[in-house]
Amino acid sequence: MGSQEVLGQTTRLASSSALLQVLFRAVTFALNAFTLRYLSRELIGVVNVRLTLLYSTVIFLAREAFRRACLSGSTKRNWTKTINLLWLTVPLGVFWSVCLGLVWLYLLEVPDPSVVPHYQAGVVAFGLSAIIELLGEPFWVLAQAHLFVRLKVIAESLSVVSKCVLTVILVVLYPHWGLYIFSLAQLLYTSVLVLCYVIYFVMFLGSPEATKKSFPIARMKALLPNLVEDESFVNWKEARLTWSFFKQSFLKQILTEGERYVMTFLNVLNFGDQGVYDIVNNLGSLVARFIFLPIEESFYVFFAKVLERGKNVKDQKQDDVAMAANVLESLLKLVLLIGLTITVFGYAYSQLALDIYGGSMLSSGTGPDLLRCYSLYVLFLAVNGVTECFTFALMCKEEVDRYNFVMLALSFTFLCISYFLTHWHGSVGFILANCFNMGIRIAHSIHYIYDYFKESTYRPLMGLLPSPFLVLIYIISGVITGFSEVFFCCDKGWMARLIHISMGALCFATTIVTMFCTETKLIHFVRSQFLSRYMKKGT
């Protein structure tokens, strides 16, 4: 598969995933707004912070390193050994589920049963759901490596919709069930997800389409662990790389979910405040989840396929280097402008968004300040996602090991800063600590990218420098919308709110027009890679 074809399929995967994430977050957004009317803040806090943290920790520690290692390099490999390695995620998941489940049950503060009933059942169900999801890991990696776009879209859509529908039904009919509701919904989600992948491969393997594509796996039995005669059970190069990424993933998980660990283990916020924080966090991360994450996941695969891990820029194919540099520059510019737009307009519209979404429970108190800070944090998330996806795709084993020491120091610093900032400025301190954490990680990745390309003529980091005139428009828009919020929002009636929204719409339209006029290279990249396929489908 040529580099241009890989780029085409990667952008298709990223754009399809982004559209899928829009659907996911829209459904979750509506679900959270609905459940706010039926459930207590304490119950939402336990589910969205405590139990979801258990699930995400098990999943992350059990599979993240395997994914990164097994998606590196060409699809032409000994897939039997790769699949054998991926099946090790299941016993690893069982180990982490049992160990962390005991911690969640016996070492952490147990919620009041009268407010949050069936906590023990919830811990068991969320741990079990993580193990069920890991059963589908070989299928997921095989599909991702071969860029099966539709499979991922359909599988995740069906699983999320099933979970949401069951949650709504149970919340309406049996609100007194407490954590039973979310436990059953979580188990349904992972079961449907895995079943979709299994059913697809049962139908795909051995079909004319698989034969036409020269798919490396011929039957379902080959997707189970298999011993290779006179050969090792796994590819030891992949296994060593997995171990390096595993050490890193442990630290990255602390940095990614650091505020939840501080909330869970240090009890700096009660369950009700945790619930409000998580609702605001979910609202603030909408764009980060449905745009930045698909871009990061998809283009990690692109960079890992086009450039060879561990080789310097002079030893790579120069056509591939040119393509990778141009794509990286365009991606950096794309996510930077999205992040700047959210930061500028998010500041003036945070209180209005929370008031519409959750009423005075969210729009009063620290809610608006939380969302304003999160708007700034989105900018850091945007840049970090792209810079790290390139860095991790190119790092050799030794560089990954060295980076682990940086992550170790950063993890400890982040936890300390989170703890002290929370005592100083409440839940807003978590977001400020995250901004610091992301800033350090961005600096490291930028340093790596600069060193990688310094012996070539390419300067992809120029993507982080927007047009000066566009920056001026952003500043003017921020000032206008800021004054608009003071004079028209949010306790002066709906007419004043509409004026405030109209001012923002006018400034936003001006910003977009300026973007089209000043960032022509980026517009061409988006049109040619992300939009062209959808235009072709419509003609």
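Residues numbered from 1 in each chain as written. Predicted model: local features only at pLDDT ≥ 70, side-chain atom pairs only at ≥ 80, totals over all residues. Heavy atoms only, no water.

- As annotated in an unreviewed UniProt entry, the protein carries the name Protein RFT1 homolog and is attributed to Strigops habroptila.
- Comment text from UniProt for the protein, heading Subcellular location (unreviewed entry), reads "Endoplasmic reticulum membrane".
- Database annotation for the protein, UniProt heading Pathway (unreviewed entry): "Protein modification; protein glycosylation." (UniProt positions renumbered as here; feature names shortened; annotations may be inferred.)

### Describing the overall build of the protein
Thinking step 1. Helix and strand counts for the protein come out as 21 helices and zero strands.
Thinking step 2. Residues counted as buried form 57% of the 539 residues belonging to the protein.
Thinking step 3. A separation threshold of at least 6 residues defines the contact pool for the protein, and within that pool the share at least 24 residues apart is 83%.
Thinking step 4. Of the roughly 23,300 Å² of accessible surface on the protein, a fraction of 68% belongs to carbon and sulfur atoms. (Helix = DSSP H or I, 4+ residues; strand = E, 2+ residues; numbered from the N terminus. Buried < 20%, exposed > 50% of the residue type's maximum accessible area, 1.4 Å probe, protein only. Contact = heavy atoms within 4.5 Å. Areas by Shrake-Rupley, 256 points an atom, 1.4 Å probe, with all protein chains shown as cover.)

### With respect to the nonpolar core
Thinking step 1. Ranked by internal contacts, the top residues of the largest apolar core, which has 151 residues, are Y197, F201, F215, F303, F390 and F453.
Thinking step 2. Counting residues per element, this core draws most heavily on helix α14 (residues 318–358), which supplies 17 residues.
Thinking step 3. Counting only domains with at least three residues in this core, you end up with domain 1 (3–264) and domain 2 (269–465).
Thinking step 4. F215 has contacts with L142, H146, F148, F201, F204, L205 and A210, leaving out every residue within four places of it along the chain.
Thinking step 5. Residues A348, Y349, C489 and C490 belong to the second largest nonpolar core, which totals five residues. (Core = buried A, V, L, I, M, F, W, Y, C linked by side-chain atoms within 4.5 Å. Domains from an automatic or database assignment.)

### Section: the environment of E64
Thinking step 1. Mapped onto the secondary structure, E64 falls in helix α2 (residues 41–70).
Thinking step 2. A relative accessible area of 16% means that E64 is categorised as buried.
Thinking step 3. C-alpha of E64 to C-alpha of F246: the two residues are 182 residues apart in sequence and 7.3 Å apart in space.
Thinking step 4. Setting aside its immediate chain neighbours within four residues, E64 contacts I59, S249 and K252.

### Section: unusual backbone geometry
Note: most peptide bonds trans; most residues except glycine with negative phi.
Thinking step 1. You will see that H118, though not glycine, has its phi angle at about 65°, which is positive.
Thinking step 2. One can find H118 in the loop between α4 (89–106) and α5 (119–134).
Thinking step 3. Here H118 falls in the partly exposed class, since its relative accessible area comes to 31%.

### Regarding the packing of α14 against helix α16 (residues 367–394)
Thinking step 1. Remark: α14 packs on α16, axes separated minimally by 7 Å, with the N-to-C direction vectors making an angle of 170°. Overall, the two elements α14 and α16 adopt an arrangement that is roughly antiparallel. (Axes fitted to C-alpha atoms, helices over the stretch in contact; angles between N-to-C directions. Parallel < 35°, antiparallel > 145°, perpendicular 65-115°, else oblique.)

### Some remarks on the environment of G136
Thinking step 1. By secondary structure assignment, the location of G136 is in the loop between α5 and α6 (137–145).
Thinking step 2. Residues G136 and L195, spaced 59 residues apart in sequence, show a C-alpha to C-alpha distance of 8.1 Å.

### Thoughts on a nonpolar patch on the surface
Thinking step 1. Side chains of F469, L472, I476, I480, M495, L498, I499, I501 and M503 sit close together on the surface and give an oily, nonpolar patch of about 770 Å² of accessible area.
Thinking step 2. Broken down by secondary-structure element, the contributors of at least two residues to the nonpolar patch are α19 (468–488) and α20 (494–518).
Thinking step 3. With five residues, α20 is the largest single contributor of residues to the nonpolar patch. (Patch = residues over 30% accessible without salt bridge, like charges linked within 9 Å, V, L, I, M, F, W, Y side chains within 5 Å. Salt bridge = Lys/Arg side-chain N within 4 Å of Asp/Glu carboxyl O.)

### Remarks on the pattern of salt bridges
A side chain with one charge can pair with a side chain of the opposite charge if their charged atoms come near.
Thinking step 1. On inspection of all chains with the given rule, the structure shows 13 salt bridges.
Thinking step 2. Salt-bridge contacts for E64 lead to R68; the nearest nitrogen and oxygen are separated by 3.1 Å. Taken together, the residues span about one helical turn, with E64 and R68 both in helix α2 at a distance of four residues. For the pair shown, E64 and R68 are each scored as buried.

### Comments concerning the packing of aromatic side chains
Thinking step 1. Applying the stated rule across the entire model yields 20 aromatic pairs.
Thinking step 2. For the pair Y261 and F265, a centre-to-centre distance of 6.3 Å together with 25° between the ring planes defines the contact as stacked. One end of the pair, Y261, and the other, F265, are both in helix α11 (residues 258–266), four residues apart, so they sit about a helical turn from each other.
Thinking step 3. For Y261, a relative accessible area of 14% gives the class buried.
Thinking step 4. For the pair F299 and F302, a centre-to-centre distance of 6.0 Å together with 75° between the ring planes defines the contact as edge-to-face. Taken as a pair, F299 and F302 lie in helix α13 (residues 286–306) at a separation of three residues, close to a single helical turn. Exposure class is identical for F299 and F302. Each is buried.
Thinking step 5. One aromatic cluster is present, formed by F299, F302, F303, F390, Y448, Y452 and F453 through successive ring pairs.
Thinking step 6. Its end group placed over the ring of Y189, K163 keeps NZ or CZ at 5.4 Å from the ring centre.
Thinking step 7. Residue placement shows R497 over the ring face of W494; its charged tip is 4.6 Å from the ring centre. (Phe/Tyr/Trp six-rings, centres within 6.5 Å; stacked < 30°, edge-to-face > 60°. Lys NZ or Arg CZ within 6 Å of the ring centre and 35° of its normal.)

### Details of helix α17 (residues 397–425)
Thinking step 1. Helix length check: α17 (29 residues) gives 40 Å between terminal C-alpha atoms against 42 Å at 1.5 Å per residue, within 8%.
Thinking step 2. For α17, the complete set of buried residues consists of V400, D401, Y403, N404, M407, L410, S411, F414, S418, L421 and T422.
Thinking step 3. Phi for G426, located one or two positions after α17, is positive at around 65°. (Expected span 1.5 Å × (residues − 1).)

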